[in-house]
Amino acid sequence: MDAGEAATLPASVESLVVVHNVAKRHNVGTMVRSATAFGVSEIVLVGRRDFNAFGSHGSTSHLRFRHFHSLSQARHYLKEERNCDVCGVEITDGALSIADHPFRKSTAFLLGNEGTGLSAKECEICDFFVYIPQYGCGTASLNVTVAASIVLHHFGVWAGFPERSREGNKFTVAEKPVKQIRRNYCASSVESIVEERKSRQQSASIDIFEENGNNDSKLTNLLEALFDD
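> Any details on the pattern of salt bridges? Residues and values, ideally.
Considering all chains together, one arrives at nine salt bridges under this definition. Its salt-bridge partner being Arg64, residue Glu42 comes within 3.6 Å of it at the nearest N-O pair. Residue Glu42 is found in strand β2 (residues 42-46), and its partner Arg64 is found in strand β3 (residues 64-68); the two are separated by 22 residues along the sequence. You can call Glu42 buried: its relative accessible area is 1%. On the basis of relative accessible area, Arg64 is assigned to the partly exposed category, the value being 41%. By sharing partners, the salt bridges in this structure join Glu14, Glu42, Arg64, Arg66 and Arg82 into a single network.

> Tell me about helix α5 (residues 144-159), and name the residues and values.
The terminal C-alpha atoms of α5, which comprises 16 residues, lie 22 Å apart, in line with the 22 Å expected from a rise of 1.5 Å per residue. Along α5, the positions that sit buried rather than exposed are Val144, Thr145, Ala147, Ala148, Ser149, Val151, Leu152, Phe155, Gly156, Trp158 and Ala159.

> So what about the pairing of strand β7 (residues 128-131)? Which residues, and what values?
Here strand β4 (residues 85-89) pairs with β7 via three bridges, running parallel. Bridge assignment links Val89 to a residue of β7, and that residue is Val130. As paired elements, strand β5 (residues 96-97) and β7 share two bridges and run parallel to each other. Looking at β7, one finds that Ser97 is bridged to Tyr131.

> I'd love a proper account of the confidence of the model for the protein chain, names of residues and values included.
When pLDDT is averaged across the protein chain, the result is 78; 64% of the residues are at 70 or more. When the criterion is pLDDT under 50, residues 3-7 qualifies, and its contacts beyond four places in sequence or with other chains add up to one contact. In this model, residues 206-211 is a region of pLDDT below 50 whose contacts with residues beyond four sequence positions or in other chains number zero contacts.

Cut-offs and rules
Throughout, a residue's number is its position along its own chain's written sequence, starting from 1. Thresholds applied to this predicted model are a pLDDT of at least 70 for local features of residues and 80 or more for the giving and counting of side-chain atom pairs; totals over whole chains, interfaces and linings are not thresholded and use all residues. Values shown for side chains rest on all heavy atoms present in the structure; no hydrogens or waters enter the calculation. When a carboxyl oxygen of Asp or Glu is within 4 Å of a side-chain nitrogen of Lys or Arg, the pair counts as a salt bridge. To qualify as a helix, a DSSP run of H or I must reach at least 4 residues; to qualify as a strand, a run of E must reach at least 2; elements of each kind are numbered from the N terminus. Only protein chains enter the accessibility calculation, which uses a 1.4 Å probe; a residue whose area is less than 20% of its type maximum is buried, one above 50% is exposed, and one in between is partly exposed. Here a helix's expected span is defined as the number of its residues, less one, multiplied by 1.5 Å. Two strands qualify as a pair provided DSSP detects at least 2 bridges between them. Think of pLDDT as the predictor's per-residue confidence, scored from 0 to 100. Here, two residues are considered to be in contact whenever any of their heavy atoms come within 4.5 Å of each other.

Structure below.
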């Protein structure tokens, strides 16, 4: 990024990571460790609230976590409240090379399932896609945590995140500022709890109507059979 590009950046450019449909739960912990190293502001969990922190080396305490029940809710938050682009990390037609740093502003990165990649529903919430160029012939793709590390590092370089200070042969680690209510669990906000209850009530209403409809149909069939006789 040159000086002209830097001058046009918003005052606070952030990167976020969206975790959804990750098959190997222990990959989340390793991804969190990379997210902390490369300046990610928040991890957005979609679906399950719990996560496996194996491999995080305590880095979960240095990140904010937010939970949503659906991809559409997560996208609304990212677009309307965080003013982020949603970037899918996937080898698709039209995907841009991560080496070209095709970013405009704060960006939330959504990585695909280890086996199947991004699903159609996941692709629908993305504004654009990036891929990581490969130069060897021995593998078709990278592990999801390795891909996340490369992408987040490139974004940090583009955004001009300040490099962390070092002590000896390691980077300095800050005091743990965040205390999770329960380990490896993203607690719900009041708004999230209200939204979940509304969703459950709506689902219950639909089920009741469907059951009543089925019962009415059965009763009608029974009466018709009696009168036909």
